[in-house]
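Residue strings, one per chain:
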Amino acid sequence: MDDYGFSKSARLLNAADYKAVFSNAQFRVSTRHFLILAISDNRSRPRLGLVIAKKHVPLAVHRNRIKRLTRDSFRRNSQLLANLDIVVLARKDADKLDNKQISETFTALWLELDTKLKRNAAKLLANE
RNA sequence: UGAGUCAGCCGGGCAAUUGCUGCUUUUAGCUCUUCGUUUACCGCUUAUUGGUAGUUGAGGAAAUUAGCAGAGGAAAGUCCGGGCUCCAUAGAGCAGGGUGCCAGGUAACGCCUGGGAGGCGCAAGCCUACGGCUAGUGCAGCAGAAAUUAUACCGCCGGGCUACUCAAUUUCUUGAAGUUGAAUGGUCAGGUAAGGGUGAAAUGGUGCGGUAAGAGCGCACCGCGCGACUGGUAACAGUUCGUGGCAAGGUAAACCCCACCCGGAGCAAGGCCAAAUAGGAAUCCUUUUAAUGCUGCUCGCAUUGGAUUCGGGUAGGCCGCUAAAGACCUGUGGCGACACAGGUUGUAGAUGAAUAAUUGUCCUCGACAGAACCCGGCUUAUAGGCUGGCUCACUUU
RNA sequence: GGGGCGUUAGCUCAGUCGGUAGAGCAGUUGGCUUUUAACCAAUUGGUCGUGCGUUCAAGUCGCACACGCCCCA
């Protein structure tokens with residue numbers, strides 16, 4: 001698990017995968033510009049899906065930019081995210097941020113997600 | 001040098017590290033899987049055949065090695081045209097829609113080129129839905145006398161009748177009556193279209209003659225219509241000739257007429273494989289009505305009915321999917337758009353959707369903006385920069 | 001990606017054939033009522049999405065652009 005690749009096995013591929021995440025999201029973290037939903041799975045690797053609505057980011061160029069930056073941040077931090085299926089949604093004015101701000105935002109969000117995940121695991125252990 | 005105008009081109013560069021997609025390629029035969037071969041075991045049957053594990057052959061997926069390629073001039077809007085696919089082989093008529101000076105180019109176009117006409121500009125040059133209201137029908141508020149084969153309200157003009165005033169003159173006794181003329185007013189029947197606050201628009205313009213006053217009523221010049229002639233393929237043009245006193249207002253991005261063009265849907269088209277699920281599906285043959293579909297309608301065509309056979313099909317996957325009316329160079333023809341011939345080159349193909357991120361560095365400090373079946377146009381957005389032609393102004397020689 | 005529709009007062013909508021744009025609700029003022037609501041009367045409010053064009057005249061006709069909505073797997 002020391003590669004930083006982002007191939008098809010690391011993406012959500014069809015409508016069923018997305019539906020699973022939306023309908024029973026276990027973890028939610030967000031900022032003013034982004035919302036992250038996630039569920040834990042028994043896979044060996046994390047998977048990412050992106051939902052960048054045209055309504056919130058009107059220009060195709062900006063949508064593509066946000067997706068690229070999100071993927072890049074995801075693959076750099078994939079060790080943190082163990083076996084999660086993650087969906088990232090863009091909110092309004094997400095296109096107003098520059099590249100550096102987006103990268104920083106995601107790094108922070110991954111960390112927050114990681115702490116939530118660990119707390120959850122600890123809780124499960126305590127219950128047992 | 002400055003201002004302008006037209007045409008063409010570029011659309012951050014370089015390096016390092018880490019990534020993505022496609023194609024080709026390397027490796028281990030460790031993982032999964034499809035089809036075939038064959039061995040053993042198990043179950044079942046008249047025969048077949050099915051399952052599990054292994055041998056071996058071919059292929060695929062994923063991984064791995066290396067290499068190559070990887071957004072635009074608008075990729076955009078979807079405003080037109082074409083290819084391609086299905087609907088019948090794309091058919092007939094009506095309806096409907098589009099185009100609209102002429103000629104040419106093109107696969108085609110609402111595009112482009114050349115020409116004509118009109119308009120703008122000192123000029124280079126630019127702009128124009130630019131057929132027909134002397135085929136028909138309709139429309140024009142308010143204002144104005146009048147809004148359409150013009151009309152006659154005011155005004156102007158002479159005439160008849162009449163009222164009154166003035167002047168001249170006749171008759172007879174101071175005064176009165178009559179006649180004639182002039183001015184003014186009223187009235188009657190006419191003549192006029194020069195002038196008349198209006199209005200977007202008022203039925204040729206200027207001058208002279210003419211007249212009671214006026215008027216293309218007549219004449220000259222200008223303008224306009226029609227015909228001929230000449231030039232031009234044509235639109236159209238003319239210091240040309242003849243003819244008409246002028247009759248013909250606006251609106252067709254009003255209905256409409258004329259000429260030419262258009263079948264419908266769209267890659268979410270359409271085809272193939274195929275969990276789930278539901279009971280039909282495919283092929284052949286046949287016929288009347290009805291229903292549905294092919295476009296709004298009519299004609300016309302197809303399907304539902306019977307027989308034979310066993311596959312059909314949603315999620316998902318694959319094909320369609322990129323070599324093309326291609327790009328570049330040279331030559332020939334043409335004013336040109338473009339065409340033809342020869343040569344060179346091989347240039348994204350994603351699918352929750354690739355072409356990027358970070359750092360360094362340089363400069364002029366980087367605009368508008370992201371392919372989704374493919375082309376030809378148009379339109380709209382766009383920081384800054386480069387090249388060439390032409391025009392005007394100024395300066396110098 | 002493709003196809004279709006819309007934009008008029010604060011809100012919901014009319015506007016036929018081009019001729020100075022209306023209705024209902026809401027708002028304001030007055031009346032009625034002890035007061036409020038209801039009711040009655042009067043009244044305010046419009047760059048007709050934006051621009052260019054055709055026309056004497058454009059909400060209406062033509063073109064371009066902007067924004068919003070719906071449908072097709």
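For every chain, the first residue of the written sequence is number 1, and numbering continues from 1 onward in sequence order. Here the convention is simple: chains get letters from A, ligands get numbers from 1, in the order in which they are written. Local features in this predicted model are restricted to residues whose pLDDT is 70 or higher, and side-chain atom pairs enter the listing and the counts only when it is 80 or higher, whereas totals over whole chains, interfaces and linings include all residues. The side-chain values count all of the structure's non-hydrogen atoms but skip hydrogen atoms and water molecules.

- As recorded by an unreviewed UniProt entry, chain A carries the name Ribonuclease P protein component and is attributed to SAR86 cluster bacterium.
- Looking at chain A in UniProt, the text filed under Sequence similarities (unreviewed entry) is "Belongs to the RnpA family."
- According to UniProt, the comment filed for chain A under the heading Catalytic activity (unreviewed entry) is "Endonucleolytic cleavage of RNA, removing 5'-extranucleotides from tRNA precursor." UniProt positions are given in the numbering used here, feature names are shortened, and annotations may be inferred rather than shown by experiment.

Here we look at the environment of T105
Okay, step 1: Secondary structure elements are taken from DSSP: a helix is a run of H or I of four residues or more, a strand is a run of E of two residues or more, and numbering for both begins at the N terminus. Checked against the element boundaries, T105 lands in helix α3 (residues 99-127).
Okay, step 2: With 78 residues separating them in the primary sequence, T105 and F27 have C-alpha atoms 17 Å apart.
Okay, step 3: Non-local contacts of T105, meaning those with residues more than four positions away in its chain, are made with T31 and F34. Residue contacts follow a heavy-atom distance rule, with two residues in contact if any of their heavy atoms lie within 4.5 Å.

Structural notes on the side chain of D95
Okay, step 1: Among the secondary structure elements, D95 is positioned in the loop between β4 (84-90) and α3.
Okay, step 2: Each residue gets one of three labels from its accessible area relative to the maximum for its type: buried under 20%, exposed over 50%, partly exposed in between, using a 1.4 Å probe on protein chains only. His is not counted, nor are the chain ends; Lys and Arg add positive charge and Asp and Glu add negative charge. Basic side-chain nitrogens of Lys or Arg form a salt bridge, by our definition, when they fall within 4 Å of a carboxyl oxygen of Asp or Glu. Buried and unpaired, D95 has no salt bridge, with K96 as the nearest side chain of opposite charge at 5.1 Å.
Okay, step 3: Leaving out residues up to four positions away in the same chain, D95 has contacts with H56, V57, P58, H62, R65 and I66.

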